[in-house]
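The primary structure of each chain is shown beneath.
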Amino acid sequence: MDDDRVTRRRVGDAEVRRANRGWWDTDADDYQAEHGGFLGDVDFVWSPEGLREADARLLGDLTGRRVLELGSGAAAAARWLATQGARPVALDLSAGMLRHAAIAAATTGVRVPLVQADALALPFADAAFDTACTAFGAIPFVDDSAAVMREVFRVLRPGGRWVFSVTHPMRWIFLDDPGEGGLTAVHSYFDRSPYVEQDEHGVATYVEQHRTLGDRIREIVGAGFRFLDLVEPEWREGHEGIWGQWSPLRGRLFPGTAIFVAEKPAEG
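Only a predicted model underlies this, so the values are computations on that prediction, with no experimental measurement involved.

Caption draft 1: Summary view of the overall build of the protein chain. When you go through the protein chain residue by residue, the secondary structure sums to seven helices and ten strands. The globule rule puts the C-alpha radius of gyration for 268 residues at 18 Å, and the 18 Å found for the protein chain is close to it. Principal-axis analysis of the C-alpha atoms gives the protein chain an extent of 50 × 40 × 40 Å. Expressed as a percentage of its 268 residues, the buried residues of the protein chain come to 51%. In the protein chain, the proportion of contacts linking residues at least 24 apart, taken out of those at least 6 apart, comes to 72%. For the protein chain, the accessible area works out to roughly 11700 Å², and carbon and sulfur atoms hold 51% of it. Separation of charge centres in the protein chain, based on 29 positive and 41 negative side chains, amounts to 6 Å.

In structure tokens:
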């Protein structure tokens, strides 16, 4: 992409929503073609490092649990959750990604409810779910991620767990380059300006937000959650795949993913 089409600047909430919904609708086919094999049709992969929920068990016991997957994309994780005895609901803003979720349901025979909605306004009653999760969905693509935390808190029952993965905040120091060019710090960690791709008229077509580790923890705690853990998956031996900026070169030197684990306090 041309340099003048990529910038770091503030973007209003309405422009962020239009840009990211349009991006994921348009890019859904290419995204699935490129990454669908790695993510699987019925699997829960937390990160490009290849950490799977089957191994990490960050969500705890799933049997009979109502689970909300935010930013589900093609809903491979929600389908995997269904095979583990959970009762998942897959939610995404993009009709294009949910179309792939419907196709995969037909081919695998594992069907879960699909909901098209905004993570900032979840269409569910208070305390409707036992667990909420997302792997790289929703959180980086909204202007007010603290508001998403509050919405998730609202729809979780007391004692419910909230787990989400995002690009590790320290990655924002570097360029999105999986090679040696991505080993030199060029941005301030403390610059929260979003990464923006825009068209020839300067209108945003893709927006991704940066928050520091401290910002994320304050969002979690500020919503009312009890912060439990921060997981930084290590690059596993023998994994030679490249996913965008993720690569064996960078992955063996510094973290690429941060997984936050929190819990809504139990009543009483």
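Caption draft 2: Here's a closer look at the environment of Asp-41. Following the sequence through the fold, Asp-41 ends up in the loop between α1 (13-39) and α2 (53-56). The class of Asp-41 is partly exposed, set by a relative accessible area of 45%. Dropping the residues within four chain positions of it, Asp-41 is found in contact with Ala-76, Arg-79 and Thr-108.

Caption draft 3: Structural context of the side chain of Asp-43. Relative to the helices and strands, Asp-43 resides in the loop between α1 and α2. Note on Asp-43: relative accessible area 16%, which makes it buried. A polar side-chain atom of Asp-43 sits 2.6 Å from a polar atom in the side chain of Arg-52.

Caption draft 4: Representation of the packing of aromatic side chains in the model. Evaluation of the coordinates by the stated rule reveals 16 aromatic pairs. Look at Phe-141 and Tyr-206: their rings are 6.0 Å apart centre to centre, the planes differ by 70°, and that puts the pair in the edge-to-face class. Remark: Tyr-206 occurs in strand β8 (residues 204-208) and Phe-141 occurs in the loop between β5 (129-135) and α5 (145-155); sequence separation between them is 65 residues. Assessed through its relative accessible area of 15%, Phe-141 is described here as buried. Clustering of aromatic rings is evident, with ring pairs tying together Trp-23, Trp-24, Tyr-31, Phe-38, Phe-141, Tyr-195, Tyr-206 and Trp-243. Directly above the ring of Phe-129 sits Arg-66, whose terminal nitrogen or CZ lies 4.7 Å from the centroid. The positively charged end of Lys-264 is found above the aromatic ring belonging to Phe-153, 4.4 Å away from the centroid.

Caption draft 5: Looking closely at α5. α5 sits mainly inside the fold: eight of its eleven residues count as buried. Of the residues making up α5, those classed as buried are Ser-145, Ala-146, Ala-147, Val-148, Met-149, Glu-151, Val-152 and Val-155. Taken together, the buried residues of α5 touch β2 (66-69), β5, β6 (156-167) and α6 (213-222).

Caption draft 6: Spatial organisation of the pairing of β2. In the sheet, β2 pairs with strand β3 (residues 87-92) via four bridges, with the strands oriented parallel. The residue bridging Arg-66 from the neighbouring strand is Arg-87, located in β3. Once you follow β2 into helix α3 (residues 76-83) and on to β3, the crossover reads as right-handed. Of the strand pairs in this sheet, β2 and β5 are connected by three bridges, and their pairing is parallel. Across the sheet, residue Glu-69 finds its bridge partner in β5, namely Cys-133.

Caption draft 7: Structural detail: the pairing of β8. Counting buried positions over the five residues of β8 gives four, a clear majority of the element. With four bridges connecting them, strand β7 (residues 195-198) and β8 associate as antiparallel partners. Bridge pairing in β8 links Tyr-195 to Glu-208. Between β7 and β8, which pair antiparallel and follow one another directly, the connecting turn spans five residues, one of which, Gly-202, has a positive phi of 80°.

Caption draft 8: Structural context of the sheet that holds β7. Pairing within the open sheet is antiparallel, and its three strands lie in the order β1-β7-β8. Strands with a single pairing partner mark the edges of an open sheet, and in this sheet they are β1 (6-8) and β8. Here the average twist between neighbouring strands, direction ignored, is 25°. Against the sheet, α1 touches β7 and β8, its axis set at about 100° to β8.

Cut-off values and rules
- Residues numbered from 1 in each chain as written.
- Predicted model: local features only at pLDDT ≥ 70, side-chain atom pairs only at ≥ 80, totals over all residues.
- Heavy atoms only, no water.
- Helix = DSSP H or I, 4+ residues; strand = E, 2+ residues; numbered from the N terminus.
- Rg over C-alpha atoms; globule rule 2.2 N^0.38 Å.
- Buried < 20%, exposed > 50% of the residue type's maximum accessible area, 1.4 Å probe, protein only.
- Contact = heavy atoms within 4.5 Å.
- Areas by Shrake-Rupley, 256 points an atom, 1.4 Å probe, with all protein chains shown as cover.
- Lys, Arg positive; Asp, Glu negative; His and termini not counted.
- Charge placed at Lys NZ, Arg CZ, Asp CG, Glu CD.
- Polar contact = N/O pair within 3.5 Å; in protein donor to acceptor, adjacent residues only side chain to side chain.
- Phe/Tyr/Trp six-rings, centres within 6.5 Å; stacked < 30°, edge-to-face > 60°.
- Lys NZ or Arg CZ within 6 Å of the ring centre and 35° of its normal.
- Pairing = 2+ DSSP bridges.
- Right-handed = clockwise from strand over helix to strand, strands pointing away.
- Axes fitted to C-alpha atoms, helices over the stretch in contact; angles between N-to-C directions.

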